[in-house]
Protein chains: 2
Amino acid sequence: MDFKEELKNYQRIVEDELNKYRRDKSCPEAMLNESMEYSLIAGGKKLRPILILSTYKLFKDDFNVCMPYAIAIEMIHNFSLIHDDLPAIDNDDFRHGKLTNHKKFNESTAILAGDGLMNYAYIVISEDLKNTVNKEILDLKLKVFNEFTVAVDRMIAGEYVDTEFERKPISSDYLEYMHKNKTGALIRLCVRIGAILGGATEEQLADLTLYAEKIGLAFQIKDDILSEEGDEAVTGKPVGNDREKHKCTYVTKYGLEEAKTILDKIILEAIEITNKHGDKGEFLKQLAIYIKERNK
Amino acid sequence: MDFKEELKNYQRIVEDELNKYRRDKSCPEAMLNESMEYSLIAGGKKLRPILILSTYKLFKDDFNVCMPYAIAIEMIHNFSLIHDDLPAIDNDDFRHGKLTNHKKFNESTAILAGDGLMNYAYIVISEDLKNTVNKEILDLKLKVFNEFTVAVDRMIAGEYVDTEFERKPISSDYLEYMHKNKTGALIRLCVRIGAILGGATEEQLADLTLYAEKIGLAFQIKDDILSEEGDEAVTGKPVGNDREKHKCTYVTKYGLEEAKTILDKIILEAIEITNKHGDKGEFLKQLAIYIKERNK
């Protein structure tokens, strides 16, 4: 399997699908819709929807049942990025090498675009639920919908803890709690959505949940490392930003080398889990390696 | 029927129910939870949940089926108030005679508290859907959930149009579009939720939807009138604020007297609709009159 090719293929699938969710540009709120699309459609790795699709793929051959949830999760992810970037929160001017939403548009539009994207995710889910005829599949989707809302709640809580403790020395317990919620909850959710809708057994679900928790943590540690030593032209984010802002991250807490050691260990544990799934687990295995080795 | 007594009774029912949705205060995000409750629990007329309950009451004697949606709508309403009050949007310091959320806490907390409340509404709905065994009722609820998400989308669009055109002269078409979405969509939704879950016929649903559209418009016009000539000590909002900010409202557009004439006419039309429902329609009739005559 050519992982890079497969990843691009997944990204294309997600982008094509997202294009079906474009919004009206002839209404009085046309600019709000522009701003929602500005963040949603272009840029980003689409990691979260790809996690749903590729986990689902362990069990099924088409994407029909899980696709609306892949779209909804990308909407939630982008809502959170827009609000995180706001002046009152992280005050970032660039994201994926482009101006952040409030810099491209304005602050009030960005607040409402974030609101609109979160709610759009629930429009997508509500339409899918309404149109699901098969009661057995509907029950799986209702379980997914409930887990979805709880994970978003955790993400918001994690973001709050991040802002609250940004300029204070915090214990490693708090650091872990923050990551587990801020980025971990959504990544965990994605893998679980793919597994639940794919029809995983309870044991398979528990197993894949563990994989998700490991790559979620790895993703955050790698983000922290890139923020310290990444290539600004590649990451699109200013290097050394976290340190200058006295932000608590794995790197500012443990130092660069120790953070890399922790990252290596976690990725190895994640790979062990995918190995149990044989050939079908190859993409998720390569994805774990990719999370560690990515340069943006 | 003593309307004021009945209204208070409904408010108590809603407040008792909201108290069941208090959040954890022993976690790292305790202050975020405080701030969500600060806006949700205390103050406010609880008009939207009461509209659900009282419309439902036209058809049924208990509130079991509709209660989660009454709670969810109050969460959505309060999310929208928190974000509307933000410095980048309306920049208001007081709401219901208390400090606004970002003044009581801080701006980043208020942004996340609004996000958290919107999502909390969907947690409530997802739990209710998951626990609904009766397939016929589940189908009604799935219809309601979908209408719910669409109405919230309209509310956000209306808020955007309001901010966008705040300092520009706008046509009465735009003014109407803004009101219809910003406040009208949610009020219309409430009445429809009560009717759909109560088991209204298509004709009854259409009829009640018309009632909702009329009181929704009336509610906004009355708000505009109170903003111009209300008692600041009673409304908790500075009088003449809209005019000073050159905000486009029914009063700044049509003048105070003409706005009152329009209000009277709309309320009469709403009452005509409730008259068709006989004695059972008495509360909704009195509610329409109350919307016109309230002083806060």
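Residues numbered from 1 in each chain as written. Chains lettered and ligands numbered in written order. Predicted model: local features only at pLDDT ≥ 70, side-chain atom pairs only at ≥ 80, totals over all residues.

1. Let's talk about the overall build of chain A
The secondary structure content of chain A amounts to 14 helices and two strands. The C-alpha atoms of chain A give 19 Å as radius of gyration, which agrees with the globular expectation for 296 residues (19 Å, within 12%). Along the first, second and third principal axes, the C-alpha set of chain A runs to 55 × 55 × 35 Å. Sequence-distant contacts in chain A: of pairs separated by 6 or more residues, those separated by 24 or more amount to 68%. (Helix = DSSP H or I, 4+ residues; strand = E, 2+ residues; numbered from the N terminus. Rg over C-alpha atoms; globule rule 2.2 N^0.38 Å. Contact = placed C-beta atoms within 7 Å.)

2. So, the relation of the copies chain B and chain A
Expressed as a screw operation, the relation of chain B to chain A combines 0.0 Å of axial shift with a rotation of 180°, fitting to an RMSD of 0.0 Å. What we have between these two chains is a two-fold relation. Considering only C-alpha atoms, the residue of chain B closest to the rotation axis is B:Asp115, which sits at 3.5 Å. Most of the interface of chain B is mirrored in chain A: 100% of its interface residues are interface residues there too. (Least-squares fit on C-alpha atoms with pLDDT ≥ 70 in both.)

3. Describing the packing of helix H3 (residues 47-56) of chain B against helix H8 (residues 172-198) of chain B
Residues and elements named next belong to chain B. As a packed pair, H3 and H8 sit with axes 7 Å apart at the nearest point and diverge in direction by 30°. When the interaxial angle is binned, H3 and H8 end up roughly parallel. H8 is crossed by H3, and the crossing has right-handed handedness. The residues of H8 that touch H3, namely those facing Arg48, Leu51, Ile52, Leu53, Ser54, Thr55 and Tyr56, are Leu186, Ile187, Cys190, Val191, Ile193, Gly194, Ala195, Leu197 and Gly198. In the contact of H3 with H8, the residues fall into 11 nonpolar, four polar and one charged. (Axes fitted to C-alpha atoms, helices over the stretch in contact; angles between N-to-C directions. Parallel < 35°, antiparallel > 145°, perpendicular 65-115°, else oblique. Left-handed = near helix turned anticlockwise from the far one by under 90°. Nonpolar A, V, L, I, M, F, W, Y, C, P; charged D, E, K, R; others polar.)

4. Comments concerning the interface of chain B and chain A
Taken residue by residue, the interface counts 42 residues in chain B and 42 residues in chain A. Those elements giving two or more residues to the side of chain B that touches chain A turn out to be helix H2 (30-40), helix H6 (107-130), helix H7 (135-164) and H8 of chain B. Grouping the constituent residues of the side of chain B that touches chain A by class yields 23 nonpolar, nine polar and 10 charged.

5. Topic: the packing of H7(B) against H8(B)
Between two packed helices, both the angle of their axes relative to each other and the distance between the axes serve to describe the pair. Residue and element names in this part refer to chain B. Relative orientation of the contacting elements H7 and H8 amounts to 165°, with a least axis distance of 8 Å. Classified by the interaxial angle, the pair formed by H7 and H8 is roughly antiparallel. Crossing handedness for the pair H7 and H8: left-handed.

6. Here's the deal with unusual backbone geometry
The phi dihedral of A:Lys46 is positive, around 60°, even though this residue is not glycine. Tracing the sequence through the fold places A:Lys46 in the loop between helix H2 (30-40) and helix H3 (47-56).

7. Structural notes on H3(B)
Residues and elements named next belong to chain B. In terms of burial, H3 is a largely internal element, 10 of the 10 residues being buried. Turning to H3, its buried residues are Leu47, Arg48, Pro49, Ile50, Leu51, Ile52, Leu53, Ser54, Thr55 and Tyr56. Tucked inside the fold, the buried residues of H3 contact helix H1 (3-18), helix H4 (67-85), H8, helix H9 (202-229) and helix H14 (282-293). (Buried ≥ 20, exposed ≤ 12 C-beta atoms within 10 Å, placed from the backbone.)

8. Details of the environment of B:Glu258
Mapped onto the fold, B:Glu258 is located in helix H13 (residues 256-275). With 78 residues separating them along the chain, B:Glu258 and B:Lys180 place their C-alpha atoms 19 Å apart.

9. Regarding the environment of B:Asp115
Topologically, B:Asp115 is positioned in helix H6. Once residues within four sequence positions are removed from consideration, B:Asp115 is found in contact with A:His83, A:Met118 and A:Ile156.

10. Some remarks on the environment of A:Ala70
Residue and element names in this part refer to chain A. With respect to the element layout, Ala70 can be found in helix H4 (residues 67-85). In sequence terms Ala70 and Ile50 are 20 residues apart; their C-alpha atoms lie 7.4 Å from each other. Not counting the four nearest positions on each side in its chain, Ala70 is found in contact with Val14, Pro49, Ile52 and Leu53.

11. Here we look at the confidence of the model for chain A
Averaged over chain A, the pLDDT score is 93; the fraction of residues at 70 or greater is 98%. Two numbers describe this predicted complex: its pTM, 0.93, and its ipTM, 0.93. (pLDDT = per-residue confidence, 0-100.)

12. Thoughts on helix H8 (residues 172-198) of chain A
Residue and element names in this part refer to chain A. At Gly184, H8 is bent by approximately 55°, the largest bend along its length. The buried count for H8 comes to 22 of 27 residues, which makes it a mostly enclosed element. Gly199 sits one or two positions beyond H8 and adopts a positive phi of about 95°. (Bend = angle between axes of the 7 residues up to and from the residue.)

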